[in-house]
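# Structure assessment
Here is what each chain is made of, one letter per residue.
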Amino acid sequence: MATKDLCSVEKRGRVHLITLTGAGEHRLNPTLLSAIRSAVAAVRASPDAGALFLAAEGKFFCNGYDLAWARAGASPADRIAAMRAALRGLVADLLALPAPTVAAVTGHAAAAGCGLALAHDAVVMRASRGFLYMGEVDARIKIVDFFGELIRQKVPDAVARRDLVMKGEKMTAAEAVRRGIVDKAVDGGVGDVVDAAVAMAEGLAARGWNGETVAEIRKAAWPDLWRKVKDHGGEAPARPRL
Amino acid sequence: MCTMEQRGRVFVLTLTGDDEHRLSHALIASIRSSVASVAAASASAGPGTALVTVGEGRFFSNGLDNIWAGTSRERLQGLVDELRPLAADLLALPMPTIAAITGHAAAGGFLLALCHDYRIMRGDRGVLYMSEVDIGLPLPPYFVSVLRAKITAANALRDVTLRGRKLKAAEAKEMGIVDAVCPGPAETAAEAIKLAEQLAARKWDGNVYASIRMSIFPEACRSIGIVEESDEEKRKHFASRL
């Protein structure tokens, strides 16, 4: 029930779309992370999934961890740990997914939200609005090991990495494409970005790749990242009863 | 040998004299002492400081004192071992660091420049040069770790280490090794200080800044002898900053 309010899942041909719903910041608290993981698990269990993509409604793609929720708890340290653990699991789920993945960054993607986008195979981003922003340095939040590894693997260029993470630069889509962080900048509104991501995902699905092969090759391409997240997720779903 | 002054929020470390600023035991000790005083001063100065390292004369630094070491492998190894903790001090420094490359930076001198977060270099003369391959010396392992962390384009790394290529500022900028090129030494120093002021104005928490820096270069940190904080310590830090 709560899941429905947080993210929706639909199929367009062989492409599975997960949309973070509502006009809010889609902050990654345990509830939303759990909802996204359930949606990803459903895609994983689906026999002919060709590709998965993640998008969001509103001005924000995802503005990071729910720090307000963390602060409100009796033990904020435990709450941030819970969110970090859940994201780590989601990254594992995405790395192990037997289908190509695309993130459609339809709005601002900050901190853990930026990391979530980067955990996909490809990223398309809205050109006219929104930026990537690793805000941790400004928010005085440290970066834990698996997250540092995610950034290292997905932003291999030393200068891009430094400017994004150590300088907290707010990068537009054009800038992110220029620096090799994002694959494509798309003009227009949220709908146009979604359409472009669907088109990309359909192109990938049309290759007819064997899903398990995709997952194995992906894990082999980013072995250090896989090693750091694999104990937290990416499990095969329970076998359906025949 | 070197001086340290504070100009507002910026600490300026100057390698003094119109000589090669060869990294002898004495100079390394002197620089370490200055860097330690900066780290201490930053604690009381509060958030928002930066370090600029600049050289007087035609050299930034021509590397370890090979002249003194002569043919003695022990002496040379001693210098290599002595530079390592200085490199560690810089990679762990709780503030942004900028090298104003006002002259030649070779071997250990090039490494010293690479241990800074940003590099501004004069364009009119001076080169960056990893001379080891030409001299017939292997690269110390921690040198390689820092090179690999800061020069991520494969061809650039090859040119620097395996070809002993002498890089002028413009080429170095194209290769992502230098961030900005200035006409001469005075402009280089001025630009470095200006950048330092801009970065200091972000009022970053030094401890968090250093932590984030180290989370991007964990292999270099390990190689240089820095023990990175655990995820558990980072979790506790989150609560402590509230």
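Residues numbered from 1 in each chain as written. Chains lettered and ligands numbered in written order. Predicted model: local features only at pLDDT ≥ 70, side-chain atom pairs only at ≥ 80, totals over all residues. Heavy atoms only, no water.

### Points about the overall build of chain A
To be explicit about the condition: Numbered from the N terminus, helices here are DSSP runs of H or I no shorter than four residues, and strands are runs of E no shorter than two. Note that the radius of gyration is over C-alpha atoms, with the globule rule given as 2.2 Å times the number of residues to the power 0.38. Burial classes: relative accessible area under 20% of the type maximum marks a residue as buried, over 50% as exposed, and values in between as partly exposed (1.4 Å probe, protein chains only). In this description, contact between two residues means that some pair of their heavy atoms is separated by no more than 4.5 Å. Only the protein chains shown count as cover for residues, and all accessible areas are computed by the Shrake-Rupley method using a 1.4 Å probe. In this tally Asp and Glu are treated as negative and Lys and Arg as positive; neither His nor the chain ends contributes. Where a charge lies is defined by one atom per residue type, namely NZ (Lys), CZ (Arg), CG (Asp) and CD (Glu).
The helix and strand tally for chain A stands at twelve helices and ten strands. Computed over C-alpha atoms, the radius of gyration of chain A comes to 17 Å, within 12% of the 18 Å expected from 2.2 N^0.38 for 242 residues, which places it in the range of a compact globule. Along the three orthogonal principal directions, the C-alpha set of chain A runs to about 50 × 40 × 35 Å. The 242 residues of chain A split such that 57% are buried. A separation of at least 24 residues holds for 73% of the contacts in chain A among residues at least 6 apart in sequence. Counting only carbon and sulfur atoms, one obtains 52% of the accessible surface of chain A, whose full area is about 9800 Å². Put simply, chain A has 33 plus and 27 minus side-chain charges, and the middle of one group is 3 Å from the middle of the other.

### What about the confidence of the model for chain A?
Where the model shows low pLDDT, its predicted coordinates should not be examined in detail. What counts is decided by this rule: As a per-residue quantity, pLDDT reports the predictor's confidence and falls between 0 and 100.
Confidence in the prediction for chain A averages 93 pLDDT; 95% of positions are at 70 or higher. Taken together, the stretch residues 238-242 of chain A has pLDDT below 50 and engages in zero contacts with residues farther than four places along the chain or on a different chain.

### Some remarks on the nonpolar core
Rules: Put simply, a nonpolar core is a bunch of buried Ala, Val, Leu, Ile, Met, Phe, Trp, Tyr and Cys residues held in one set by side-chain atoms that sit within 4.5 Å of each other.
Ranked by size, the top nonpolar core spans 147 residues in total, and within it Leu28, Leu87, Leu132 and Ile181 of chain A together with Leu128 and Ile177 of chain B carry the most contacts. In contact with Leu87 of chain A, not counting residues within four places along its chain, are Leu28, Leu33, Tyr65, Ala112, Leu116, Phe146 and Phe147 of chain A. One finds Ala55, Ala104, Ala122 and Val193 of chain A within the second-largest nonpolar core, a separate group that totals 17 residues.

### With respect to unusual backbone geometry
You will see that Arg140 of chain A, though not glycine, has its phi angle at about 60°, which is positive. Assignment of secondary structure puts Arg140 of chain A in the loop between helix H6 (136-139) and helix H7 (145-154).

### Quick word on the interface of chain A and chain B
It is common to give the size of an interface as the accessible area lost on bringing the parts into contact. We apply this condition: The quantity reported as buried area is the accessible area (1.4 Å probe) lost by two parts once they are put together, taken as the sum for both. One side-chain nitrogen of Lys or Arg within 4 Å of one carboxyl oxygen of Asp or Glu is enough to make a salt bridge. Pairs of N or O atoms are called polar contacts if they sit within 3.5 Å, as long as, within protein, a hydrogen donor faces a hydrogen acceptor (for residues adjacent in sequence, only side-chain-to-side-chain pairs). Three residue categories are used. Nonpolar comprises Ala, Val, Leu, Ile, Met, Phe, Trp, Tyr, Cys and Pro, charged comprises Asp, Glu, Lys and Arg, and polar comprises the others, including Gly.
If you look at the interface, chain A gives 32 residues, while chain B gives 33 residues. Interface area, chain A with chain B, both sides summed: about 2900 Å², of which 59% is carbon and sulfur. Where chain A meets chain B, there are four salt bridges. The partner of Asp179 of chain B in a salt bridge is Arg162 of chain A, and the shortest N-O contact between them spans 2.7 Å. Linking chain A with chain B are 15 residue pairs in polar contact (both at pLDDT 80 or more), by the criterion used here. Listed by contribution, the elements that provide at least two residues to the side of chain A that touches chain B are helix H3 (67-72), helix H4 (76-95), H6, H7 and helix H8 (158-166) of chain A. A total of seven residues in the side of chain A that touches chain B trace back to one element, the largest contributor, which is H8 of chain A. Its residues assigned to classes, the side of chain A that touches chain B shows 16 nonpolar, two polar and 14 charged.

### Re the environment of Pro96 of chain B
Residues and elements named next belong to chain B. Take Pro96: it is sitting in the loop between helix H3 (73-91) and strand E5 (97-101). For Pro96 and Arg165, which are 69 residues apart along the polypeptide, the C-alpha to C-alpha distance reads 28 Å. Not counting residues within four places of it along the chain, the set of residues in contact with Pro96 comprises Thr49, Ala50, Leu51, Asp117, Leu199, Trp204, Tyr209 and Arg213.

### Concerning the sheet that holds strand E7 (residues 122-126) of chain A
Residue and element names in this part refer to chain A. Cut-off, in case you're wondering: When DSSP finds two or more bridges between a pair of strands, those strands are recorded as paired. Inter-axis angles, ranging from 0 to 180 degrees, are taken between N-to-C directions of lines fitted to C-alpha atoms, where helices are fitted over the stretch in contact.
Reading across from one edge, E1-E2-E3-E5-E7-E10 is the order of the six strands in this open sheet, with mixed pairing throughout. Of all strands in the sheet, those bounded by a partner on one side alone are strand E1 (7-12) and strand E10 (184-186). Each strand of the sheet is rotated relative to its neighbour by a mean of 20°, with strand direction disregarded. The pairing of E1 with strand E2 (residues 15-20) spans six bridges and is classified as antiparallel. Across the sheet, residue Lys11 finds its bridge partner in E2, namely His16. Strands in contact with helix H2 (residues 30-45) are E1, E2 and strand E3 (51-56); relative to E2, the strand with the most contacts, it is inclined by about 175°.

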